[in-house]
Each structure stands twice: as C-alpha cells, then as structure tokens.
2 protein chains.
Amino acid sequence: MAEDRLSLVFGALADPIRRAILIRLTEGEATVAELAAPFDVSQPAISKHLRVLEHAGLVSRSRRATARLSRLEAEPLREVTTWLARYQRFWDESHERLDELLAALQARQDDDARHGHG
Amino acid sequence: MAEDRLSLVFGALADPIRRAILIRLTEGEATVAELAAPFDVSQPAISKHLRVLEHAGLVSRSRRATARLSRLEAEPLREVTTWLARYQRFWDESHERLDELLAALQARQDDDARHGHG
C-alpha cells in the first residue's frame, strides 16, 4: 500500500466503518467502547480501524484517567478535498474538450458529405 | 476490502499511480502503453491499476482496431466530493462546538475562582 499522505487518507476513507467513526467523532471525543457501540464488530476490530485512521493523521488519541479517547483531526480531509476540487476542474475541462471534439467531427462529416468522400 | 461504491472509489484513489492515470485521462482516451510511458512500472502493472479503477467505475474500456482504450468516468468523483463536502460541514460545526465548549469552560473557571472552589 502506498505511504504518501494523500494515499493514506484515501485508503483510510475506503471503509464504511472508518467513515462512520469519523462522522461520530465530529460530535466530540469518544472511547473505543463508545465507537464500537453502533456496530456489530468487536472493540479490537474498532481499535484496528482507529490505528489506520491515526496513521493517516485523521484521528489523534489521548488518555484521560483510565479511558483512551479518540479525537478527530480534520486537516487531512482538507487536503483530499483540495485534490478532488482541482481534479473536478480538469474533469469539467475534459467535458468541454469532448464537446469541441464532437463539434469538429460533425463539421468534418458535413464537409466530407459535401465533397463526396466516403 | 469493503465493496460499497464509496469505499471502492476511495480505495481506487489510494494510490499515486492510479491518481496520475486519472489525471492523464482527463486529456483524453489512452492505451495501456501510453498510460505506462511516464512511469517506471510494467504494462501489466498498469493494467492491474486500470482494473481497480474500472471496478470502482472511474474508468471504462473499449476497443478501437487493435488498441484497447481507457476512458475517464468522472461521476464517482462527484459522489466522493459530495460526501467530503457534507463531512466538511460537520467538521466546521465541530469546531464551533469546540469554541463553545472552551467558552463554557472559561466561564466556569471564572465562576469557580469567584466562589473559591478548587
């Protein structure tokens, strides 16, 4: 698996439980037990997901008394949003190019028809 | 690996070569050889990346004469952008909540100081 930051963040987002954990953390810090509650998965499985999120920089963890709390770090999401926004622009441009291409092909077809080419 | 559409798209984006392939395809259709050219990887490796992109709905493939062409399908990118945009809103809200929490804690601290609590 690629280890650059964007790849780590996209990879961390490539799981519905990890995305649900991030959304839960927008409401505030939570323990592993709290994060596991809505899902039919074990706390060790949630801990594994948290390590993936932590490795991608999307979650930080701290200890408060006996509880280990997870906290959202949203900055990496800005980075992937920025990447996608730039990409969206390219995509819009490629659609314009497609329209130009179709117009050019149509013009050539009309031209061929006038000059009797096959 | 999760097989829901969002997870497949995020997973497909979790690789720098696959992201570079998508950006190249914004310029138009391309053969495997053309897509492999800028990278120090084999054509079979590029083909494998293309299958991941195709499985996520980000690329479609067609045959023209002897060449197999890959083409960008950008609709799935809209879906992940929409998800992130919604998420961004949650994140902004959680920051506002944090500000409120800090203000509340500060008020309580001032109150405790006035009433001589520890």
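Residues numbered from 1 in each chain as written. Chains lettered and ligands numbered in written order. Predicted model: local features only at pLDDT ≥ 70, side-chain atom pairs only at ≥ 80, totals over all residues. Heavy atoms only, no water.

In the nomenclature of an unreviewed UniProt entry, chain A corresponds to Transcriptional regulator from the organism Rugosimonospora africana.

(A) Main features of the pattern of salt bridges. Residues and elements named next belong to chain A. Within this structure, the stated rule accounts for 10 salt bridges over all chains. Between Glu79 and Arg5 there is a salt bridge whose closest N-O contact spans 3.3 Å. Within this pair, whereas Glu79 is found in helix α5 (residues 75-115), its partner Arg5 is found in helix α1 (residues 5-13), the two being separated by 74 residues in sequence. Its salt-bridge partner being Arg71, residue Glu73 comes within 3.8 Å of it at the nearest N-O pair. For Glu73, a relative accessible area of 30% translates into the label partly exposed. (Salt bridge = Lys/Arg side-chain N within 4 Å of Asp/Glu carboxyl O. Helix = DSSP H or I, 4+ residues; strand = E, 2+ residues; numbered from the N terminus. Buried < 20%, exposed > 50% of the residue type's maximum accessible area, 1.4 Å probe, protein only.)

(B) Region of interest: the packing of helix α2 (residues 16-25) of chain B against helix α4 (residues 43-55) of chain B. Residue and element names in this part refer to chain B. At a minimum axis distance of 10 Å, the contact between α2 and α4 shows a crossing angle of 75 degrees. Accordingly, the angle class assigned to the pair α2 and α4 is roughly perpendicular. Contact with α2, carried on its side by Ile17, Arg18, Ile21 and Leu22, involves Ile46, His49, Leu50, Val52 and Leu53 of α4 and no other residues of that element. Here the contact of α2 with α4 is composed, by residue class, of 7 nonpolar, 1 polar and 1 charged. (Axes fitted to C-alpha atoms, helices over the stretch in contact; angles between N-to-C directions. Parallel < 35°, antiparallel > 145°, perpendicular 65-115°, else oblique. Contact = heavy atoms within 4.5 Å. Nonpolar A, V, L, I, M, F, W, Y, C, P; charged D, E, K, R; others polar.)

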